[in-house]
Amino acid sequence: MSPYRFVILNPKDNVATALDFIPAGSFVKITYQNWEQDITIKQPIEFGHKFAIVPIKQGEDVLKYGEVIGVASSDIAEGEHVHVHNVEGKRGRGDQKHGKRSILGV
């Protein structure tokens, strides 16, 4: 069992939300229903922030609580911090590197 607390509420989720500060290099064991996975945390994860529990490819939906919360703006490795630097809202303006268009082309 991991000494760090986090929450995953839906089997469709591809991220977990940290309930403790999780230092970079820490190991967490994800156990959810019949699925078990050991993950190495790549960057420090602050309380309330997300980390990927599976690889997420650029353009794929980011799922939290079974709901789409955005789209990956770059590939996100398992254990990587998931936040505004690598997720774009589907309803937002998009980031500046895409000019006036989001990575979705709108």
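Definitions and cut-offs
Residues numbered from 1 in each chain as written. Predicted model: local features only at pLDDT ≥ 70, side-chain atom pairs only at ≥ 80, totals over all residues. Heavy atoms only, no water. Helix = DSSP H or I, 4+ residues; strand = E, 2+ residues; numbered from the N terminus. Buried < 20%, exposed > 50% of the residue type's maximum accessible area, 1.4 Å probe, protein only. Contact = heavy atoms within 4.5 Å. pLDDT = per-residue confidence, 0-100. Core = buried A, V, L, I, M, F, W, Y, C linked by side-chain atoms within 4.5 Å. Pairing = 2+ DSSP bridges.

## Thoughts on unusual backbone geometry
Then step 1. Look at tyrosine 65: it is not a glycine, yet its phi comes out positive at around 60°.
Then step 2. Structurally, the position occupied by tyrosine 65 is in the loop between β6 (61-64) and β7 (67-72).
Then step 3. When its relative accessible area of 41% is taken as the criterion, tyrosine 65 is described as partly exposed.

## With respect to the environment of isoleucine 53
Then step 1. Its place among the elements puts isoleucine 53 in the loop between β5 (50-52) and β6.
Then step 2. Counting along the chain gives 27 residues from isoleucine 53 to glutamate 80, while the straight-line C-alpha distance between them is 8.3 Å.
Then step 3. For isoleucine 53, the contacting residues outside a window of four places in its chain are Ile8, Asp13, Asn14, Val15, Ala16, Ile30, Trp35, Ile39 and Glu78.

## Notes on the confidence of the model for the chain
Then step 1. Put simply, the chain has an average pLDDT of 88, and 84% of its residues get 70 or more.
Then step 2. Per-element mean pLDDT across the chain ranges from 89 in strand β3 (residues 27-32) up to 98 in β5.

## Concerning the nonpolar core
For soluble globular proteins, the rule of thumb is that nonpolar side chains tend to be buried together.
Then step 1. Membership of the largest hydrophobic core is limited to 12 residues, which are Ile8, Ala16, Ala18, Ile22, Val28, Ile30, Tyr32, Ile39, Ile41, Ile45, Phe51 and Ile53.
Then step 2. Residue assignment for this core shows that the elements contributing at least two residues are β2 (15-18) and β3.
Then step 3. In terms of residues, this core owes the most to one element, β3, which gives 3 residues.
Then step 4. Apart from residues no more than four positions distant in its own chain, phenylalanine 51 is found in contact with Phe6, Asn14, Val15, Ala16, Ile22, Val28, Ile30, Ile41, Ile45, Gly79, Glu80 and Val82.

## Section: the pairing of β2
Then step 1. The alternating pattern of β2 places Val15 and Thr17 on one face and Ala16 and Ala18 on the opposite face, and all of these are buried.
Then step 2. As judged from the 2 bridges shared by strand β1 (residues 6-7) and β2, these two strands associate in the antiparallel manner. In the strand pairing of β2, valine 7 is matched with threonine 17.
Then step 3. With 3 bridges connecting them, β2 and β5 associate as antiparallel partners. Across the sheet, residue alanine 16 finds its bridge partner in β5, namely phenylalanine 51.

## With respect to the sheet that holds strand β8 (residues 81-82)
Then step 1. Reading across from one edge, β1-β2-β5-β8 is the order of the 4 strands in this open sheet, with antiparallel pairing throughout. Since the sheet does not close on itself, it has two edges, and those belong to β1 and β8, each with one partner.
Then step 2. Sheet topology places β5 next to β8; 2 bridges connect them, and they run antiparallel. Bridged to phenylalanine 51 within β8 is histidine 81.

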